[in-house]
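A look at the structure
Each chain is listed here by its residues.
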Amino acid sequence: LIWQYEHWEEVPTTDFLLEVMSRANLHKYYVALSGTDSQGKVWRLDNFLEEPQHSFMTLLGDYGTGKSSFSLHYFIQQAKRYLQDNSRRIPLFISLKDYPKRADVPTFLQKEFMEKFQLNFSLAVFQELALAGQFLFFVDGFDEMMSMADKQETVANFKALTRLTFENVQFMTQVEAGRKNKLLMTCRTHYFFSEAQEKEFLQADYTVLYRNYATKSRYQITRVNVRKFDDAQIEEF
């Protein structure tokens with residue numbers, strides 16, 4: 001993946017392991033993005049890992065504002081850092097454009113690893129690493145899932161993705177939650193739920209696990225809107 005990213009001009013379009021990588025030569029042409037949250041705070045987006053209190057960030061923006069480009073760029077940077085220091089979180093890129101109707105991330109990753117990389121994927125190892133907070137998930141294109149027209153499916157998929165941080169499992173199994181998985185998800189702005197809807201959906205799961213977890217955790221999703229390029233960024237590009 002890193003080699004394809006850094007040798008973009010040498011890779012035939014159909015040979016890219018990630019379809020999003022074929023869209024532009026980001027190794028040669030990339031300008032850092034920033035965004036604003038609901039409090040008006042301006043984020044340098046690639047500082048997400050340095051914010052320990054945030055485990056789930058949704059990056060919202062209109063078509064063509066750079067959400068997928070940022071995710072891919074950030075993923076490649078984290079992959080290179082992981083190869084240099086394997087105590088860092090393991091980055092995994094998930095494109096929801098090719099996702100099945102109902103979210104089942106382990107099954108999807110198992111299929112991806114076998115088809116794209118000819119590698120075995122152990123669900124037991126995945127769960128063990130996830131419980132230890134070893135992953136950084138890049139989930140690109142929530143609005144592109146085939147089930148977006150079905151509200152019930154959309155809510156179910158959104159809940160499934162929030163659980164990738166494994167915070168609730170860490171709580172219920174008494175695993176020491178010294179480190180959490182991180183998740184960065186991109187979505188077109190007008191597809192995403194309002195803050196009130198988001199809270200309602202997350203709290204509507206009346207299982208014993210969720211009810212107990214929700215009373216003891218202030219689980220929050222940081223919503224960040226991509227800022228359009230200013231004059232300096234336009235000139236840089």
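Rules behind the numbers
Residues numbered from 1 in each chain as written. Predicted model: local features only at pLDDT ≥ 70, side-chain atom pairs only at ≥ 80, totals over all residues. Heavy atoms only, no water. Phe/Tyr/Trp six-rings, centres within 6.5 Å; stacked < 30°, edge-to-face > 60°. Buried < 20%, exposed > 50% of the residue type's maximum accessible area, 1.4 Å probe, protein only. pLDDT = per-residue confidence, 0-100. Helix = DSSP H or I, 4+ residues; strand = E, 2+ residues; numbered from the N terminus. Contact = heavy atoms within 4.5 Å. Salt bridge = Lys/Arg side-chain N within 4 Å of Asp/Glu carboxyl O. Pairing = 2+ DSSP bridges. 1 Å grid on protein atoms, 1.4 Å probe; cavity = no way out; pocket = protein on both sides within 12 Å on 5 of 7 lines; lining within 4 Å. Points joined across faces, edges and corners; volume = space filled by probe spheres on them. Nonpolar A, V, L, I, M, F, W, Y, C, P; charged D, E, K, R; others polar. Axes fitted to C-alpha atoms, helices over the stretch in contact; angles between N-to-C directions. Patch = residues over 30% accessible without salt bridge, like charges linked within 9 Å, V, L, I, M, F, W, Y side chains within 5 Å. Areas by Shrake-Rupley, 256 points an atom, 1.4 Å probe, with all protein chains shown as cover.

Structural notes on the packing of aromatic side chains
All told, the structure shown has twelve aromatic pairs when counted by the stated rule. With centroids separated by 5.5 Å and ring planes inclined at 45°, the aromatic side chains of Phe121 and Phe126 adopt a geometry described as tilted. Using a relative accessible area of 14% as the deciding quantity, one classes Phe121 as buried. A centroid spacing of 5.2 Å and a plane angle of 35° characterise the contact between Phe126 and Phe135, whose relative ring orientation is tilted. You'll find Phe126 and Phe135 in the same group, each marked buried. An aromatic cluster of at least three residues, connected via ring pairs, comprises Phe113, Phe117, Phe121, Phe126, Phe135 and Phe137.

Brief notes about the confidence of the model for the chain
Per-residue pLDDT for the chain has a mean of 78; in total, 78% of the residues score no lower than 70. At the low end of the mean pLDDT range in the chain sits helix H8 (residues 208-216), at 44; at the high end sits helix H1 (residues 2-6), at 96. Throughout residues 206-218 the model reports pLDDT below 50, and contacts reaching past four residues in sequence, or to other chains, amount to 15 contacts.

A word on the pattern of salt bridges
Using the criterion set out here, one finds five salt bridges in the structure. Residue Glu6 pairs with Lys80 through a salt bridge whose shortest N-O separation is 2.9 Å. Of the two residues, Glu6 sits in helix H1 while Lys80 sits in helix H2 (residues 67-84), which places them 74 residues apart along the sequence. Given a relative accessible area of 28%, Lys80 falls into the partly exposed group.

Notes on the pairing of strand S6 (residues 182-188)
Summarising burial for S6: six of the seven residues are buried, a large majority. The sheet contact formed by strand S3 (residues 56-61) and S6 spans six bridges and is parallel. Considered in S6, the bridge of Met57 is made with Leu184.

Looking at empty space enclosed by the protein
Going through the model one piece at a time under the given rule, you end up with two cavities of 30 Å³ or more. Lining the second largest cavity are Val20, Arg23, Ser95, Lys97, Asp140, Gly141 and Glu144. Residue classes in the lining of the second largest cavity are distributed as one nonpolar, two polar and four charged.

Details of the environment of Asn225
In this structure, Asn225 sits in strand S7 (residues 222-226). Judged by relative accessible area, which is 27%, Asn225 ranks as partly exposed. Separated by 182 residues in sequence, Asn225 and Trp43 place their C-alpha atoms 9.5 Å apart.

As for the sheet that holds strand S2 (residues 42-44)
Within the open sheet, the seven strands sit side by side as S2-S1-S7-S3-S6-S5-S4. Their pairing is mixed. Taken across any chain shown, the strands that pair with only one partner, and hence form the sheet edges, are S2 and strand S4 (90-95). Neighbouring strand axes in the sheet, compared pairwise and without regard to direction, differ in orientation by 25° on average. In this sheet, strand S5 (residues 135-140) lies alongside S4 in parallel orientation, the contact comprising six bridges. Bridging across to S5, Ile94 finds its partner in Val139. The strands that helix H4 (residues 123-131) touches are S4 and S5; relative to S5, the one it contacts most, it runs at about 105°. Where helix H5 (residues 151-162) meets the sheet, it contacts S3, S5 and S6, and its direction lies at approximately 150° from that of S6.

Some details on a nonpolar patch on the surface
Together, Tyr29, Phe229, Ile234 and Phe237 line one region of the surface with nonpolar side chains, adding up to about 440 Å² of accessible area. Here Phe229 is to be found in the loop between S7 and helix H9 (231-236).

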